[in-house]
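Next come the chains, spelled out residue by residue.
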Amino acid sequence: QVQLVESGGGLVQPGGSLRLSCAASGFTASKYAMTWYRQAPGKEREQVATITSAGGATNYADSVKGRFTISRDNAKNTVYLQMNSLKPEDTAVYYCNSAARSLPWGRGTQVTVSS
């Protein structure tokens, strides 16, 4: 069945880095523009970064521009999010989905930025 599995989260100090992975199965991810989303406690889920199906173009929320990089490996059906210079306000559960939010949501991966 269609499944998205996010991993790579954890506890990191401000200024640190993490690399998130989103493994897709049950469908061909290369057919979709993919987006990383995040949801902090008490807040709505928001878009963080999007990559086109072939990986030729990307788009970022202003809050992460210059710090986060989205990429994909279509041969591995996997999408990545490299997060650098992390801030406490980046603390959230991170999810991946299509840009249209058309796929079943995974469980997400928790990112906590704290000293």
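The sections below set out a description of the structure shown in this document. (Residues numbered from 1 in each chain as written. Predicted model: local features only at pLDDT ≥ 70, side-chain atom pairs only at ≥ 80, totals over all residues. Heavy atoms only, no water.)

### Section: the pairing of strand β8 (residues 78–83)
Then comes step 1: The buried fraction of β8 is high, at five of six residues.
Then comes step 2: Here six bridges tie strand β3 (residues 18–25) to β8, and the two strands are oriented antiparallel to one another. Each residue of the ladder has a partner; that of A23, found in β8, is T78.
Then comes step 3: Note: strand β7 (residues 68–73) against β8, six bridges, orientation antiparallel. Across the sheet, the residue bridging to F68 is M83, located in β8.
Then comes step 4: Taken together, β7 and the strand that follows it, β8, pair antiparallel across an intervening segment of four residues, in which N77 is found at a positive phi of about 55 degrees. (Buried < 20%, exposed > 50% of the residue type's maximum accessible area, 1.4 Å probe, protein only. Helix = DSSP H or I, 4+ residues; strand = E, 2+ residues; numbered from the N terminus. Pairing = 2+ DSSP bridges.)

### Here's the deal with the side chain of T78
Then comes step 1: Topologically, T78 is positioned in strand β8.
Then comes step 2: At a separation of 2.8 Å, a polar atom in the side chain of T78 contacts the main-chain carbonyl oxygen of K76.
Then comes step 3: What T78 contacts, discounting residues up to four positions off in sequence, is S21, C22, A23, R72 and D73. (Polar contact = N/O pair within 3.5 Å; in protein donor to acceptor, adjacent residues only side chain to side chain. Contact = heavy atoms within 4.5 Å.)

### Remarks on the sheet that holds strand β2 (residues 10–12)
Then comes step 1: The strand order across the open sheet built from six strands is β2-β10-β9-β4-β5-β6, with neighbouring strands paired in mixed fashion. Strands with a single pairing partner mark the edges of an open sheet, and in this sheet they are β2 and β6 (58–60). If you compare each strand with its neighbour and ignore which way they point, the axes differ by 25 degrees on average.
Then comes step 2: Relative to strand β5 (residues 46–51), strand β4 (residues 34–39) is paired through five bridges, and the arrangement is antiparallel. When the sheet's bridge partners are listed, W36 is paired in β5 with A49. (Axes fitted to C-alpha atoms, helices over the stretch in contact; angles between N-to-C directions.)

### Description of the sheet that holds β7
Then comes step 1: Across the sheet, which stays open at both edges, the four strands sit in the order β1-β3-β8-β7 with antiparallel pairing between neighbours. A single partner strand is all that each edge strand has here, and the edge strands are β1 (3–7) and β7. Neighbouring strand axes in the sheet, compared pairwise and without regard to direction, differ in orientation by 15 degrees on average.
Then comes step 2: Two elements, β1 and β3, share five bridges in a ladder whose sense is antiparallel. Across the sheet, residue S7 finds its bridge partner in β3, namely S21.

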